[in-house]
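Each chain, letter by letter, is given below.
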Amino acid sequence: MTTLEQIVTIALCAAGTMATRFLPFLVFSDRRPTPSYIRYLGKALPGAVFGLLIVYYLRDVNFSAGSHGLPELAAIAVTVCLHLWKRKMLLSIAGGTICYMLLMQVVF
């Protein structure tokens, strides 16, 4: 890519990112109530995303060989416990990830 093409690509990426960040604030202003289907999606999607991630995460785990899926199950348990305790999504995800990485690097 030429320098001009690189500049245009970066500018388009920046514009696309800014548009996706600012668009919800323009569409859903404080002056109007948020539509009920948007409120429903805000409540339903986090659980659906977590379910999808668990299925994706466990799809290649062989429970009959090696570590028998113990690091994966321990990381899921840590994630669930942290989320039930603190109710902080990022803390739960980070805690489960750190647990899994420590188990894989140190124990298994």
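- In the nomenclature of an unreviewed UniProt entry, the protein chain corresponds to Branched-chain amino acid transporter permease from the organism Candidatus Caccousia avicola.

1. Some remarks on the UniProt feature "transmembrane region" (unreviewed entry) in the protein chain
- Under the local residue numbering, the UniProt record ascribes the feature "transmembrane region" (unreviewed entry) to residues 6–28, 40–59, 65–85 and 90–107.
- Measuring from the first to the last C-alpha atom of residues 65–85 gives 32 Å, for a span that is 76% helix and 0% strand.
- Spanning residues 90–107, this segment combines 100% helix with 0% strand, and its end C-alpha atoms are found 25 Å apart.

2. Things to note about the packing of helix H2 (residues 36–58) against helix H3 (residues 70–86)
- Interaxial distance between H2 and H3 falls to 11 Å at its minimum, and their mutual angle equals 165°. One finds that H2 runs roughly antiparallel with respect to H3. In this structure, the crossing between H2 and H3 has a hand that is right-handed. Across the interface between the two elements, Phe50, Tyr57 and Leu58 from H2 touch Glu72, Ala75, Ile76 and Thr79 from H3.
- Within the contact of H2 with H3, the residues separate by chemical class into 5 nonpolar, 1 polar and 1 charged.

3. A word on helix H4 (residues 89–107)
- Under the 1.5 Å per step criterion, the end-to-end length of H4 is 26 Å for 19 residues, consistent within 8% with the ideal 27 Å.
- Listed as buried for H4 are Ser92, Gly95, Gly96, Cys99 and Leu103. For H4, the angular spread of the buried residues around the axis is 95°, confining them to a single face. Residues of H4 that are exposed and angled more than 90 degrees away from the buried face: Leu90, Ile98, Leu102 and Gln105.
- On its buried face, H4 is in contact with H3.

Conventions adopted
Residues numbered from 1 in each chain as written. Predicted model: local features only at pLDDT ≥ 70, side-chain atom pairs only at ≥ 80, totals over all residues. Heavy atoms only, no water. UniProt positions renumbered as here; feature names shortened; annotations may be inferred. Helix = DSSP H or I, 4+ residues; strand = E, 2+ residues; numbered from the N terminus. Axes fitted to C-alpha atoms, helices over the stretch in contact; angles between N-to-C directions. Parallel < 35°, antiparallel > 145°, perpendicular 65-115°, else oblique. Left-handed = near helix turned anticlockwise from the far one by under 90°. Contact = heavy atoms within 4.5 Å. Nonpolar A, V, L, I, M, F, W, Y, C, P; charged D, E, K, R; others polar. Expected span 1.5 Å × (residues − 1). Buried < 20%, exposed > 50% of the residue type's maximum accessible area, 1.4 Å probe, protein only. Arc of directions from axis to C-beta.

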